[in-house]
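Observations on the model geometry
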Amino acid sequence: MKQLENTFKLACLVNGKRTELEIDSSRSLLDLIREDLGLKGTKEGCGEGECGACMVLVDGRAVNSCLMMAVQVHGKEMVTIEGIKGKDGGLHPLQKTFIAEGAVQCGFCTPGLIIASEALLRRNPKATLEEIKLELTGNLCRCTGYEKVLSAVEKARGKK
Ligand code: FES
Ligand code: FES
């Protein structure tokens, strides 16, 4: 195995599971998620903070993982799209309303949209349409035209 030059012993919670691994300290959070942890639901779009496809929750806040270093989640709790579930372990209310409203086409943006919406509804369960629009300005979707996405998030309000 190749010896890493600047290793860092990372310990964090990933989708509720204590996770420890040795990483190169220059690893991006997105590479950690997709390559080291094998959680491919988090997507790489622009790679420079413009599209929101790579969003995950870090201590409950939605962040673009392409802009963060993996070491920044040390000691923190991270949730990726794989960790977003309903109380019964099945689909989360947002996942159900995205499906019901037809808010998913190619699906590339969907994990990021669900993460951003979840972050908003956790801190503001009664978010207005305007607040939802504002929250999702960092999430680009080239397929849906956003109407169905907004409607899906509105319908998920208060369903947690
Ligand atoms: S891939 Fe991170 S914001 Fe686009
Ligand atoms: S569903 Fe295709 S980019 Fe949003």
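Residues numbered from 1 in each chain as written. Chains lettered and ligands numbered in written order. Predicted model: local features only at pLDDT ≥ 70, side-chain atom pairs only at ≥ 80, totals over all residues. Heavy atoms only, no water.

**Considering the nonpolar core**
How we decide: Buried Ala, Val, Leu, Ile, Met, Phe, Trp, Tyr and Cys residues form a nonpolar core when they are joined through side-chain atoms within 4.5 Å. To sort residues, take the accessible area from a 1.4 Å probe on protein chains only and compare it with the maximum for the residue type: under 20% means buried, over 50% means exposed, and anything in between is partly exposed. Runs of H or I in DSSP of at least four residues are treated as helices and runs of E of at least two as strands, each being numbered from the N terminus. Any pair of residues with heavy atoms lying within 4.5 Å of one another is described as a contacting pair.
Judged by nonpolar contacts, the single largest core of 25 residues is most densely connected at Ile-84, Leu-94, Phe-98, Ile-132, Leu-136 and Val-153. Residue contributions to this core peak at seven residues, all from helix α3 (residues 110–123). For Phe-98, the residues in contact, after removing those within four places along its chain, are Ala-103, Val-104, Thr-110, Leu-113, Ile-114, Val-149, Ala-152 and Val-153. Ranked by size, the runner-up nonpolar core spans 15 residues in total, among them Val-14, Val-58, Val-63 and Met-68.

**Some words on the domain arrangement of the protein chain**
A common way to report how large an interface is uses the accessible area buried once the components associate. Short version of the rule: Boundaries between domains were set according to an automatic or database domain assignment. Buried area is a sum: the accessible area each of two parts loses on coming together, probed at 1.4 Å, counted once for each and added. Basic side-chain nitrogens of Lys or Arg form a salt bridge, by our definition, when they fall within 4 Å of a carboxyl oxygen of Asp or Glu. Polar contacts, as used here, are pairs of N or O atoms within 3.5 Å; protein pairs need one atom able to donate a hydrogen and one able to accept it. Residues neighboring in sequence count only if both atoms are side-chain atoms.
Taken domain by domain, the protein chain holds domain 1 (7–83) and domain 2 (93–156). Measuring from the centre of the C-alpha atoms in domain 1 to the corresponding centre in domain 2 gives 21 Å. Each partner contributes residues to the interface: domain 1 has 16 residues there, and domain 2 has 13 residues. Taken as a group, Met-55, Leu-57 and Ile-81 account for 41% of the area that domain 1 buries against domain 2, more than any other trio of residues on that side. Scanning the region where domain 1 abuts domain 2 turns up zero salt bridges. Where domain 1 meets domain 2, there are two residue pairs in polar contact (both at pLDDT 80 or more). Of the residues forming the side of domain 1 that touches domain 2, the biggest block, three residues, is contributed by strand β3 (residues 55–58).

**Things to note about the environment of Glu-77**
Mapped onto the elements of the fold, Glu-77 is located in strand β5 (residues 77–79). Sequence separation of Glu-77 and Asn-15 is 62 residues, and the distance between their C-alpha atoms is 7.7 Å. Residues in contact with Glu-77, not counting those within four places in the same chain, are Leu-13, Leu-57, Val-58 and Asp-59.

**Points about helix α1 (residues 29–36)**
All of the buried residues in α1 are Leu-29, Leu-30, Leu-32, Ile-33 and Arg-34. Where α1 is buried, its residues meet β1 (7–14), β2 (17–24), β3 and β5.

**Focus on the packing of helix α2 (residues 93–101) against α3**
Our working rule: Angles here are taken between N-to-C directions and fall from 0 to 180 degrees, while the axes themselves are lines fitted to C-alpha atoms, restricted in helices to the stretch in contact. Every angle not falling under 35 degrees, over 145, or within 65 to 115 is termed oblique; those three ranges are roughly parallel, roughly antiparallel and roughly perpendicular. Here a crossing is taken to be left-handed if its near helix is turned anticlockwise relative to the far helix by less than a right angle, and right-handed if that turn runs clockwise. Throughout this entry, Asp, Glu, Lys and Arg are counted as charged residues, while Ala, Val, Leu, Ile, Met, Phe, Trp, Tyr, Cys and Pro are counted as nonpolar. The remaining residues, Gly among them, count as polar.
At their nearest, the axes of α2 and α3 sit 10 Å apart, and the two run at 130° to each other. Our classification of the angle between α2 and α3 gives oblique. Along this stretch, α2 crosses α3, giving a crossing that reads as right-handed. Within the contact between the two elements, α2 uses Leu-94, Gln-95 and Phe-98 and α3 uses Thr-110, Leu-113, Ile-114, Ser-117, Glu-118 and Leu-121. Taken together, the residues of the contact of α2 with α3 break down into five nonpolar, three polar and one charged.

**Overview of the side chain of Thr-110**
Along the chain, Thr-110 turns up in helix α3. Excluding residues that lie within four positions of it along the chain, Thr-110 makes contacts with Phe-98 and Val-104.

**Considering the packing of α2 against helix α5 (residues 147–156)**
The description of two helices packed together rests on the angle between their axes and the distance between the axes. Contact geometry for α2 and α5: axes closest at 8 Å, N-to-C directions at 140°. Relative to α5, the element α2 is oriented oblique. Classified by chirality, the crossing of α5 by α2 is right-handed. In this structure, α2 uses Pro-93, Leu-94, Thr-97, Phe-98 and Glu-101 to contact α5, whose residues at the interface are Lys-148, Val-149, Ser-151, Ala-152, Val-153, Lys-155 and Ala-156. Of the residues in the contact of α2 with α5, the class split is seven nonpolar, two polar and three charged.

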